[in-house]
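Letter by letter, the chains look like this.
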Amino acid sequence: MVILDVTAGNRKIWSSKKDIPGVIFIDKESGLLINQDIMADNTHLPIRIDLKIDSIIFDPPWMVNPPPWFNNKKHRTGSGGITYYGSYNSKKEIVPYINSAFIEFKKYTNRVCMKWGDSDIPLYRMLGFIKRSGWILIKQIELKSKRNRGGNSKTANWWVVLERDSGVWGVV
Ligand SMILES: C[S@@+](CC[C@H](N)C(=O)[O-])C[C@H]1O[C@@H](n2cnc3c(N)ncnc32)[C@H](O)[C@@H]1O
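Residues numbered from 1 in each chain as written. Predicted model: local features only at pLDDT ≥ 70, side-chain atom pairs only at ≥ 80, totals over all residues. Heavy atoms only, no water.

## Side note on unusual backbone geometry
Here is step 1: Even without glycine at this site, Arg11 takes up a positive phi of about 60°.
Here is step 2: Inspection of the secondary structure assignment puts Arg11 in the loop between strand E1 (3-5) and strand E2 (23-27).
Here is step 3: We classify Arg11 as buried; its relative accessible area is 4%. (Helix = DSSP H or I, 4+ residues; strand = E, 2+ residues; numbered from the N terminus. Buried < 20%, exposed > 50% of the residue type's maximum accessible area, 1.4 Å probe, protein only.)

## Observations regarding the sheet that holds E2
Here is step 1: Reading across the sheet, the 7 strands line up as E3-E2-E1-E4-E7-E9-E8 and stay open at both edges, with mixed pairing between neighbours. Strands at the two margins of the open sheet, each flanked by one partner only, are strand E3 (38-39) and strand E8 (135-143).
Here is step 2: Inspection of the sheet shows E8 paired to strand E9 (residues 157-164) by 8 bridges, in the antiparallel sense. Each residue of the ladder has a partner; that of Leu137, found in E9, is Leu162. (Pairing = 2+ DSSP bridges.)

## Observations concerning the pairing of E9
Here is step 1: One ladder, built from 7 bridges, connects strand E7 (residues 111-117) with E9; its direction is antiparallel. Considered in E9, the bridge of Gly117 is made with Asn157.

## Things to note about the packing of aromatic side chains
Here is step 1: This model, assessed by the stated rule, comprises 6 aromatic pairs.
Here is step 2: For the ring pair Phe58 and Phe102, a centre distance of 5.6 Å and an interplane angle of 80° mean the geometry is edge-to-face. Taken as a pair, Phe58 in strand E4 (residues 55-58) and Phe102 in helix H2 (residues 91-105) lie far apart in primary sequence, 44 residues in all. Each of the two residues, Phe58 as well as Phe102, counts as buried.
Here is step 3: Geometrically, the ring pair formed by Phe102 and Trp135 is edge-to-face, given 5.6 Å between the ring centres and 75° between the ring planes. Highlighted residues: Phe102 in helix H2 and Trp135 in strand E8, separated in sequence by 33 residues. Taken as a pair, Phe102 and Trp135 share a single burial class, namely buried. (Phe/Tyr/Trp six-rings, centres within 6.5 Å; stacked < 30°, edge-to-face > 60°.)

## A few points about the site of the ligand
Here is step 1: Among the 20 residues in the neighbourhood of the ligand, the closest are listed as Lys12, Ile13, Asp27, Asn42 and Asp59.
Here is step 2: Note that a nitrogen atom of the ligand is positioned 3.2 Å from one of the backbone N or O atoms of Thr7.
Here is step 3: When the free accessible area of the ligand is taken as 600 Å², the share hidden by the protein chains comes to 95%.
Here is step 4: A class-by-class count of the residues in the shell around the ligand yields 9 nonpolar, 4 polar and 7 charged. (Near = heavy atom within 4 Å. Polar contact = N/O pair within 3.5 Å; in protein donor to acceptor, adjacent residues only side chain to side chain. Areas by Shrake-Rupley, 256 points an atom, 1.4 Å probe, with all protein chains shown as cover. Nonpolar A, V, L, I, M, F, W, Y, C, P; charged D, E, K, R; others polar.)

## What about the side chain of Gln36?
Here is step 1: Here Gln36 lies in the loop between E2 and E3.
Here is step 2: Here the side chain of Gln36 touches Glu29 through a polar contact of 2.6 Å, landing on its backbone oxygen.
Here is step 3: In this structure, Gln36 is in contact with Arg11, Phe25, Ile26, Asp27, Lys28 and Glu29, ignoring residues within four places of it in sequence. (Contact = heavy atoms within 4.5 Å.)

## Digging into the nonpolar core
Here is step 1: If you look at the biggest cluster of nonpolar residues, it comprises 35 residues, and the most contacted ones within it are Phe58, Ile98, Phe102, Phe105, Met114, Trp116 and Met126.
Here is step 2: Of all elements in the fold, only E4, H2, E7, helix H3 (123-132) and E9 reach the threshold of two or more residues within this core.
Here is step 3: Per element, the largest residue contribution to this core is 7 residues, and it comes from H2.
Here is step 4: One finds Ile20, Val23, Ile57 and Val161 within the second-largest nonpolar core, a separate group that totals 9 residues. (Core = buried A, V, L, I, M, F, W, Y, C linked by side-chain atoms within 4.5 Å.)

Right, dumping it as structure tokens:
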């Protein structure tokens, strides 16, 4: 089974074991705590499309115009590590980016697991855009723990599972 994590960052979403057999880590940033397997833009994946990819893990930046320390992708954490969040300057940038990514993912897999935070664009709105790209919502789970909500943040955080909508005429 092969899984693509196309927003690898520092692999914080994975267990303490960071080298997971079958997972290919991709990110466009350099200088990550653990080097990605492939440095690439996930809207143009440099991967053969005949590979059987079970699913794609997608944890994109969801903050629009965050405070300067957050915008600085090389924010130092208390433990001396470096956290990469990534961000976009406006909704006009983030929505087309997410759409392009989902169009690209259709070449590779039938299933995407996406993490999303509601702070600037609520999940239901983002799902509207994603559905138009030919994906349907299979599962939606809210992350309740303080750690997953970013400490005391009130922002709802979600994991959603989407599958390719094979019933949509003309969606390739
Ligand atoms: C919210 S962070 C992901 C955190 C990661 N899942 C973790 O557990 O540490 C978003 C990541 O997406 C990456 N990213 C943003 N746009 C990208 C793109 N077009 N192609 C590839 N990676 C991208 C950023 O560099 C950043 O590392």
